[in-house]
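Geometric and topological summary
The primary structure of each chain is shown beneath.
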Amino acid sequence: MSMRIRTSACTALTVAALAVGTVLTAPVAGAASKTTAAPKFLSASQLPPHPSSSWTAGPVTEGFPEALGLCVSTEGVLDYDYRHREFRTDLDTNAVQLTVVTGTAAQAKALAKHYDDLIRTCADRIEKSSPDVRAEGRDYGRLPVEEGARVRGLHTETSGGATDIALLSVGQDDRTVTVVKWGQMGNFANAPVTAFKKTTTTAVAKLY
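Residues numbered from 1 in each chain as written. Predicted model: local features only at pLDDT ≥ 70, side-chain atom pairs only at ≥ 80, totals over all residues. Heavy atoms only, no water.

1. A short note on the environment of Arg-83
Our working rule: Runs of H or I in DSSP of at least four residues are treated as helices and runs of E of at least two as strands, each being numbered from the N terminus. Only protein chains enter the accessibility calculation, which uses a 1.4 Å probe; a residue whose area is less than 20% of its type maximum is buried, one above 50% is exposed, and one in between is partly exposed. Here a residue-residue contact requires only that any non-hydrogen atoms of the pair lie within 4.5 Å.
Structurally, the position occupied by Arg-83 is in strand 4 (residues 81-88). By relative accessible area, Arg-83 is classed as buried at 16%. Taking C-alpha positions, Arg-83 is 8.8 Å from Val-101, a pair spaced 18 residues apart along the chain. If we skip the residues at most four places from it in the chain, Arg-83 touches Ala-38, Pro-39, Phe-41, Val-60, Thr-61, Glu-62, Gly-63, Gln-97, Leu-98 and Thr-99.

2. Digging into the state of the cysteines
Rule in force here: Cysteine sulfur atoms are paired as a disulfide whenever they come within 2.5 Å of each other.
Evaluated as defined, the whole model comprises one disulfide. Disulfide pairing is shown between Cys-71 and Cys-122; the S-S distance is 2.0 Å. The sign of the -85° torsion about the S-S bond sets the Cys-71-Cys-122 disulfide as left-handed. On the criterion of sequence distance, the pair formed by Cys-71 in the loop between strand 3 (61-62) and strand 4 and Cys-122 in helix 3 (residues 122-129) is long-range, its members being 51 residues apart.

3. Notes on the nonpolar core
Stated formally: What we call a nonpolar core is a set of buried Ala, Val, Leu, Ile, Met, Phe, Trp, Tyr and Cys residues that are connected through their side-chain atoms within 4.5 Å.
Within the largest apolar cluster, 27 residues are counted, with the highest numbers of intra-cluster contacts made by Tyr-115 and Leu-154. Looking at this core, the elements with two or more residues in it are strand 5 (94-101), helix 2 (105-120), helix 3, strand 6 (133-143), strand 8 (163-173) and strand 9 (176-185). Broken down by element, this core gets its largest block of residues, six residues, from helix 2. Apart from residues no more than four positions distant in its own chain, Leu-154 is found in contact with Leu-70, Cys-71, Cys-122, Ala-123, Ile-126, Ala-135, Glu-136, Asp-164, Ile-165, Ala-166, Leu-168 and Phe-188. Counting 20 residues, the second-largest nonpolar core is a separate cluster that includes Leu-42, Trp-55, Leu-143 and Ile-165.

4. Points about the layout of surface pockets
Our working rule: A cavity here means a set of 1 Å grid points, computed over protein atoms only, where a 1.4 Å probe fits but cannot escape. A pocket is an open set with protein on both sides within 12 Å along at least 5 of 7 lines, and lining residues have an atom within 4 Å of a point. Grid points are joined across faces, edges and corners, and a volume is the space filled by probe spheres set on the points. Under the convention adopted here, Pro, Cys and the residues Ala, Val, Leu, Ile, Met, Phe, Trp and Tyr are nonpolar, Asp, Glu, Lys and Arg are charged, and Gly plus all remaining residues are polar.
Approximately 210 Å³ is the volume found for the largest pocket. Taken together, Lys-109, Ala-112, Lys-113, Asp-116, Arg-142, Glu-147, Gly-148, Ala-149, Arg-150, Val-170, Gly-171 and Gln-172 make up the lining of the largest pocket. Among the secondary structure elements, those contributing two or more residues to the lining of the largest pocket are helix 2, strand 7 (149-158) and strand 8. It is helix 2 that provides the largest number of residues to the lining of the largest pocket, a total of four residues. When grouped by side-chain class, the residues that make up the lining of the largest pocket number three nonpolar, three polar and six charged. By volume, the second largest pocket amounts to about 180 Å³. Along the walls of the second largest pocket sit 17 residues, with Leu-70, Asp-164, Ile-165, Ala-166 and Lys-181 positioned nearest its centre.

Here it is, written out as structure tokens:
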């Protein structure tokens, strides 16, 4: 079901934190050890094919990616083991994958729900904080991989006519959560939903 709303990308992270509160601030008992096998990342060839440009994968980097900042943040979340990888084409298309290793499968389940809730409400928060931006979110459903994954879409359009489309997904494998985002200029008609679902399934299954 789609929703249309007005918002501001500048304050989305703050609003997200207030909306979710401190639901995930329990102690990190049994947090991931550095000696534990690190989750694997997508390769460039596993992203939705671009019609005229190949993907380039950046290095796997410690920390939380700014590229997810519009809808997803670390506000109200424990200091888990965050790693990410960014991807780009020669044109306007970009992508990023985040992996988060928590202490337990229960913590990972709560974190996955938290991130999915932030993505689900992102369009609403954007419109509420920025009257010159129109945003619409869509739910593309769950995927039966490991502990599960969900795919959503987000379209934004400014009063000046700039329009962007993004696909985002959250998946879980045991105590690890992954978030994948694909984005470019355009609208829902330009979103490779089927290919992105395949990418998400691969991302979750590939973690371990």
